[in-house]
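Residue-level listing of the chains:
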Amino acid sequence: MPTWPASLPQKTLAANYNEAPQSQVLRSPMDSGPAKTRRRFTAATMTVPFECHLTLDQIPTFEAFYSDEIAAGALPFDIPHPRTGATVSVLLKGDPPYQLAPVGAGATHYRLSLTLEIQP
């Protein structure tokens, strides 16, 4: 399985970090009384944002990883969990799959923003 390149930042910027687990509960309304609930599945995905700053030299590394190693986001890859540091398998989620924006005037660094879907 492809692995997030060691030459790229391994931690997310903490400012916009949040975890959003997928609900595992299915609710069915009843004619009377409370809704009936049951587990939909035993393991759910979790969506987390990942943001880091890349130097101009790191951008080609990321672009090669994206296009060649993970087939433009179609394949899962391993990366350290943004909060725990444990290795997890993820897919890129969203359209566009990533955003790259300059940080400040003169732009020697760029902010890379991804949405990761952690696989159970």
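The following refers to the structure shown. (Residues numbered from 1 in each chain as written. Predicted model: local features only at pLDDT ≥ 70, side-chain atom pairs only at ≥ 80, totals over all residues. Heavy atoms only, no water.)

With respect to the helices and strands, the residue Leu116 is situated in strand β8 (residues 109-118). Along the chain, Leu116 and Gly94 lie 22 residues apart, while their C-alpha atoms are 8.9 Å from each other. In this structure, Leu116 is in contact with Met46, Thr47, Val48, Phe50, Phe77, Ile79, Val90, Leu91 and Leu92, ignoring residues within four places of it in sequence. (Helix = DSSP H or I, 4+ residues; strand = E, 2+ residues; numbered from the N terminus. Contact = heavy atoms within 4.5 Å.)

This part covers the nonpolar core. Side chains that are nonpolar tend, in soluble globular proteins, to be buried together. One finds Trp4, Phe62, Phe77, Ile79, Leu114 and Leu116 to be the most contacted residues of the largest nonpolar core, which totals 20 residues. Beyond its immediate sequence surroundings of up to four residues, Leu114 is in contact with Trp4, Val48, Pro49, Phe50, Phe62, Leu92, Pro97 and Tyr98. (Core = buried A, V, L, I, M, F, W, Y, C linked by side-chain atoms within 4.5 Å. Buried < 20%, exposed > 50% of the residue type's maximum accessible area, 1.4 Å probe, protein only.)

With that settled, the discussion passes to the side chain of His81. Along the chain, His81 turns up in the loop between β5 (77-80) and β6 (87-92). Owing to a relative accessible area of 8%, His81 belongs among the buried residues under this scheme. Apart from the residues within four sequence positions on either side, His81 is in contact with Tyr17, Glu19, Ala86, Val88 and Ile118.

Before going further, it helps to examine the environment of Val48. Within the secondary structure, Val48 sits in strand β4 (residues 46-55). In the structure, Val48 is positioned 48 residues away from Pro96 in sequence and 15 Å away in space, judged by C-alpha atoms. Setting aside chain neighbours within four positions, we find Val48 in contact with Tyr17, Asn18, Glu19, Pro82, Leu114, Thr115, Leu116 and Ile118.

Read these as spatial facts, not as claims about activity.
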